[in-house]
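Summary of the model geometry
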Amino acid sequence: MRHRLSVRAVRYALAWVSAAVVLAACAGQRAAPDAKPSTPAPGVMEQHDDPEIAEFLQIYAAARGEAGCAPLLWDAQAATVATAHSADMARRAYFSHTNPEGASPFDRLRAAGMAFRSAAENIAKSVGARYTHNRWLTSEGHRRNMLDCSFTHHGLGRSGEYWTHVFLQR
């Protein structure tokens, strides 16, 4: 019996393969230290205007606690950078840590005037907070970023089904 795949199913599979390749290339990548840390905007992880992000942050805080990590401090500037990257991916229909002009997550953070000792980024094309969280936790590289106890700050943003989570060590 011969099975036919829809164009949508093939595109979905290719998106997953592309994400896996990008993740493999970026897993464990750390930016070089910067001279001075920027001051994070105060915030509480559980408070957010977007209910999907608020739900994600609650689930994520519990997972970090179970892993023995201290809670991350919310960084509004990192969230702005994350949201802008998600919006850019959605608007220009690409899915990558590196934008079409070649700017990496570290380049975007520095362009926003942010200083950090190390940084990482998770991206997803996904629907819903729980689904996104579960997909990241079941992916080795994403999980490593999420449960890395050396990170101290983070910001999360989304645009439609594009999610970006930025992790920082100050």
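Description of the structure in this document. Quick caveat, the model's predicted, so the values are computed rather than measured.

Okay, the overall build of the protein next. Within the protein, the secondary structure is distributed over six helices and four strands. Listing every helix and strand of the protein by position from the N terminus yields α-α-β-α-α-β-α-α-β-β. Residues counted as buried form 45% of the 170 residues belonging to the protein. Of the contacts formed within the protein by residues at least 6 apart in sequence, a portion of 72% connects residues at least 24 apart. Split by element, the accessible area of the protein, about 9100 Å² in all, is 57% carbon and sulfur.

Right, let's talk about the packing of aromatic side chains for a bit. The final tally for this structure, using the stated rule, is five aromatic pairs. Between phenylalanine 56 and tryptophan 136 the ring centres are 5.6 Å apart and the planes differ by 85 degrees, which places this aromatic pair in the edge-to-face class. Placement of the pair is phenylalanine 56 in helix α2 (residues 51-66) and tryptophan 136 in helix α5 (residues 129-137), with a sequence separation of 80 residues. Residue phenylalanine 56 is classed as buried on the basis of its relative accessible area of 0%. Linked through ring pairs, Phe56, Tyr60, Trp136, Phe151, Trp163 and Phe167 together constitute an aromatic cluster.

Our focus in this paragraph is the packing of α2 against α5. Interaxial distance between α2 and α5 falls to 8 Å at its minimum, and their mutual angle equals 40 degrees. Viewed along their axes, α2 and α5 adopt a mutual orientation that is oblique. Handedness of the crossing formed by α2 with α5: right-handed. Where α2 abuts α5, its residues Glu52, Glu55, Phe56, Ile59, Tyr60 and Ala63 lie against Ala129, Arg130, Thr132, His133, Trp136 and Leu137. Here the contact of α2 with α5 is built from residues that sort into seven nonpolar, two polar and three charged.

What counts and what doesn't
Residue positions are given per chain, counting from 1 as you read along its sequence in written order. Reporting of local features is limited, given that this is a predicted model, to residues whose pLDDT is at least 70; pairs of side-chain atoms are given and counted only at 80 or more, and all residues count toward the totals for whole chains, interfaces and linings. Hydrogens and waters are ignored; side-chain quantities use all the structure's heavy atoms. Note on conventions: DSSP H or I runs of at least 4 residues are helices, E runs of at least 2 residues are strands, and numbering of each starts at the N terminus. The classification of residues rests on relative accessible area computed with a 1.4 Å probe and restricted to protein chains. Under 20% of the type maximum is buried, over 50% is exposed, and intermediate values are partly exposed. Every residue pair with non-hydrogen atoms within 4.5 Å of one another is taken to be in contact. For accessible areas, the Shrake-Rupley method is used with a probe of radius 1.4 Å. Any residue's cover is judged against the shown protein chains and nothing else. Planes of paired rings set the category: under 30 degrees apart is stacked, over 60 is edge-to-face and the rest tilted, where pairs are Phe, Tyr or Trp rings (Trp by its six-membered ring) whose centres lie within 6.5 Å. As a rule, the C-alpha atoms of each element are fitted with a line to give its axis, helices using only the stretch in contact, and angles between N-to-C directions run from 0 to 180 degrees. Roughly parallel covers angles under 35 degrees, roughly antiparallel covers those over 145, roughly perpendicular covers 65 to 115, and oblique covers all other angles. Note: crossing handedness is left-handed where the near helix turns anticlockwise from the far helix by less than a right angle, and right-handed where it turns clockwise. Classes in brief: Ala, Val, Leu, Ile, Met, Phe, Trp, Tyr, Cys and Pro nonpolar; Asp, Glu, Lys and Arg charged; the others, Gly included, polar.

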